[in-house]
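# Structural overview for review
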Amino acid sequence: MQKANNNTAPIVKRYRTWASITIGAIVLLILAGGIVRMTGSGMGCPDWPKCFGQWVPPTDISQLPTDYKTQFVVAGREVADFEAFKTWVEYINRLLGVLVGFFSIITAVLSFRMRKIVPSVFFLSLAGLFLVIVEGGIGAYVVRTHLQAGMVTLHMVVALAIFAVYLSAILKAREGELKERYSRNIPAKLKWAALMLLVITTVQIVMGTQVREAIDLLAEQLGEGERANWISQLGTGYDWHSLGHYSILGVFVWLAIQMKDFYQSHAILKNLFIAIGSFIFLEAALGLGMHHLGIPAFMQPSHLLLASLLFGAEFLLMRIMMTLSEESGSEELAYDNQRNKEVLSH
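If you're wondering where the values come from, they're calculated on a predicted model, not measured in any experiment. Residue positions are counted from 1 within each chain, in the order its sequence is given. Two thresholds apply to this predicted model, a pLDDT of at least 70 for residue-level local features and 80 or more for giving and counting side-chain atom pairs, whereas whole-chain, interface and lining totals are computed over all residues. Side-chain metrics in this entry use all non-hydrogen atoms of the structure; hydrogen atoms and water are not considered.

## Quick word on the overall build of the chain
Comment: elements are numbered from the N terminus, with helices defined as DSSP H or I runs of at least four residues and strands as E runs of at least two. Across its full length, the chain holds 11 helices and 0 strands. Along the chain, from the amino end to the carboxyl end, the secondary structure elements read α-α-α-α-α-α-α-α-α-α-α. To sort residues, take the accessible area from a 1.4 Å probe on protein chains only and compare it with the maximum for the residue type: under 20% means buried, over 50% means exposed, and anything in between is partly exposed. Split into buried and exposed, the 346 residues of the chain put 47% on the buried side. Contact definition: two residues touch when any of their heavy atoms are within 4.5 Å. The contacts in the chain between residues at least 6 apart in sequence include a share of 79% that link residues at least 24 apart. Here the accessible surface of atoms and residues is derived via Shrake-Rupley with a 1.4 Å probe, and residues count as covered only by protein chains that are part of the display. Accessible area for the chain stands at about 17300 Å²; split by element, carbon and sulfur atoms hold 65% of it.

Pasting the structure below:
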């Protein structure tokens, strides 16, 4: 990796700015997707890329043909009664997707000048753009198959992959700075624990998305008036999802205790642990709230957003710990020396 100098620093800074903007837009898109699910607006626009055959959606049923239910049949099913609110919720979600696409293109173009400074940033940016295009295709397929089971989960998994790719690109652009500012003495066993934490959280998010699909099915079968009875109908998938939080909490607490000797010298890691702990606490509070209050609709997007932010914070933690860990077995010696110094100081 070529070290940034006075000539390349503006290039790196510009890239990092746009990559950060892209990540912000991705987070907003995930939140918008949660609101779409919360409001049942997934089929607010029954066609793609247009909405009821128009580039600007209708605001009133009078703007639609009288046979719109049969004209815009999806997967052999008539569309539901037109509701302007649901149509525009879905359409705004699509507009945010287009915005992410534009930002991804800009980031990819800017990364071209990074190819000689940090080559991996260029390839990560191209991968991010490719995944954004794939995500758009999945979104179109979800609409055309009337929210086919499994596709919504895949849609979320790809969104997390895009999130991770752009976070990796930004970290790669800052890798030299991190290595200069912080010592590389994180024990290998701790970086693998951080990876385990991320994997468990990812599995938890996937299970949560599948629970969300099950809830959508129950809403369709039982109706909104039976919200209080939905949880009892969710089965073992929901039980495993509920228990998964304890696994995340257990690994996090163990890792946080093991890392306490590094907080003073590695402020970036300390801040990430504070963020992750806060997200885990808030996620637990929302999960308990939904369980005991009959899955209130307004809590669902917040639950999804916090899960995504938790994933992002854990991914950053894992990647930074990988960057700051020793390549050889000397990390254990450095860790033991630091422990010995603490003991002697007391």
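## Quick notes on the confidence of the model for the chain
Regions with low pLDDT should not have their predicted coordinates read in detail. Each residue carries a pLDDT score, the predictor's own confidence in it, on a scale running from 0 to 100. Per-chain confidence: the chain averages 84 in pLDDT, with 89% of residues scoring 70 or above. Within the chain, helix 3 (residues 84-111) carries the highest mean pLDDT (94), whereas helix 11 (residues 330-345) carries the lowest (43). Here residues 328-346 is modelled with pLDDT under 50, and outside its nearest four sequence neighbours on either side it reaches 21 contacts, counting other chains as well.

## Focus on the nonpolar core
Counting 82 residues, the largest nonpolar core has Met114, Leu255, Met259 and Met321 as its most contacted members. Considering every element that reaches this core, the biggest residue donor is helix 5 (residues 151-181), with 17 residues. When near neighbours in sequence (up to four residues on either side) are disregarded, Met321 contacts Ile186, Leu190, Lys191, Ala194, Leu255, Met259 and Leu269. The definition of a nonpolar core used throughout is a set of buried Ala, Val, Leu, Ile, Met, Phe, Trp, Tyr and Cys residues joined through side-chain atoms within 4.5 Å. Listed in part, the 12 residues of the second largest apolar core include Tyr68, Val79, Tyr91 and Val143.

## Comments concerning the side chain of Ser308
Its place among the elements puts Ser308 in helix 10 (residues 299-323). Those residues in contact with Ser308, other than ones at most four positions away along the chain, are Ile30, Met156, Leu160 and Phe163.

## Thoughts on helix 8 (residues 236-258)
Under the convention used throughout, the expected extent of a helix is 1.5 Å for every residue step, that is, one less than its residue count. Helix length check: helix 8 (23 residues) gives 33 Å between terminal C-alpha atoms against 33 Å at 1.5 Å per residue, within 8%. Within the span of helix 8, buried status applies to Tyr238, His241, Gly244, His245, Ile248, Val251, Phe252, Leu255, Ala256 and Gln258.

## Some remarks on a nonpolar patch on the surface
Taken together, the side chains of Val98, Phe102, Ile105 and Val109 present a nonpolar region at the surface, about 380 Å² in accessible area. Take Val109: it is sitting in helix 3. Classification of Val109 as exposed rests on a relative accessible area of 56%. Patch definition: residues above 30% relative accessible area lacking any salt bridge, with like charges linked at up to 9 Å and the nonpolar side chains Val, Leu, Ile, Met, Phe, Trp and Tyr linked at up to 5 Å. Here, a salt bridge means any Lys or Arg side-chain nitrogen found within 4 Å of an Asp or Glu carboxyl oxygen.

## Thoughts on the packing of aromatic side chains
Each aromatic pair joins two rings of Phe, Tyr and Trp (for Trp, the six-membered one) with centres within 6.5 Å, and gets the label stacked for planes under 30 degrees apart, edge-to-face for over 60, and tilted for any other angle. For the coordinates displayed, the defined rule picks out 11 aromatic pairs. Seen in terms of ring centroids, Phe252 and Phe273 are 5.9 Å apart; in terms of plane orientation they differ by 35°. Their pairing is tilted. Taken as a pair, Phe252 in helix 8 and Phe273 in helix 9 (residues 267-292) lie far apart in primary sequence, 21 residues in all. No difference in accessibility class separates Phe252 from Phe273, as the two residues are buried. Taken together through their ring pairs, the aromatic side chains of Phe52, Tyr68, Phe72 and Phe82 make up a single cluster. Lying over the aromatic face of Phe112, Arg115 brings its terminal NZ or CZ to 3.8 Å of the ring centre. As a reminder, the over-ring test applies to NZ of lysine and CZ of arginine, requiring each to be within 6 Å of the ring centre and within 35 degrees of the ring normal.

## Observations regarding the state of the cysteines
In this description, a disulfide is simply a cysteine sulfur pair whose atoms lie within 2.5 Å. Taken as a whole and assessed by the stated rule, the structure comprises 1 disulfide. The side chain of Cys45 participates in a disulfide bridge whose partner is Cys51; the two sulfur atoms lie 2.0 Å from each other. With the S-S bond torsion at -85°, the cross-link from Cys45 to Cys51 turns out left-handed. The pair formed by Cys45 and Cys51 is uniform in burial state, with each residue classed as buried.

## Points about the pattern of salt bridges
Overall, the coordinates contain 9 salt bridges when judged by the stated rule. One salt bridge connects Arg16 with Glu177, and the closest N-O pair in it is separated by 3.7 Å. Of the two residues, Arg16 sits in helix 1 (residues 9-39) while Glu177 sits in helix 5, which places them 161 residues apart along the sequence. Among the ionic pairs, Arg94 bridges to Glu90, the shortest N-O distance being 2.9 Å. Here Arg94 pairs with Glu90, and both are found in helix 3, just 4 residues apart, close to one helical turn. Its relative accessible area of 11% is what places Arg94 among the buried residues. Take Glu90: its relative accessible area is 5%, and that puts it in the buried class. Taken together, the shared-partner salt bridges connect Arg16, Arg174, Glu177 and Arg181 into one network.

## Quick look at the environment of Trp88
Considering the arrangement of structural elements, one finds Trp88 in helix 3. In this structure the C-alpha to C-alpha distance between Trp88 and Val36, which are 52 residues apart in sequence, comes to 9.9 Å. Once residues lying within four places of it in the same chain are set aside, the contact partners of Trp88 are Val56, Pro57, Pro58 and Thr59. Engagement of the side chain of Trp88 in a polar contact is seen with the backbone oxygen of Pro58, the distance being 3.1 Å. N or O atoms within 3.5 Å of each other form a polar contact, as long as, within protein, one can give a hydrogen and the other can take it, and as long as residues adjacent in sequence are counted only when both atoms are side-chain atoms.

## Here we look at the side chain of Thr107
Secondary-structure assignment places Thr107 in helix 3. A polar contact is formed between the side chain of Thr107 and the backbone oxygen of Phe103, at a distance of 2.8 Å. Apart from the residues within four sequence positions on either side, Thr107 is in contact with Tyr15, Trp18, Ala19, Thr22, Ser125 and Tyr166.

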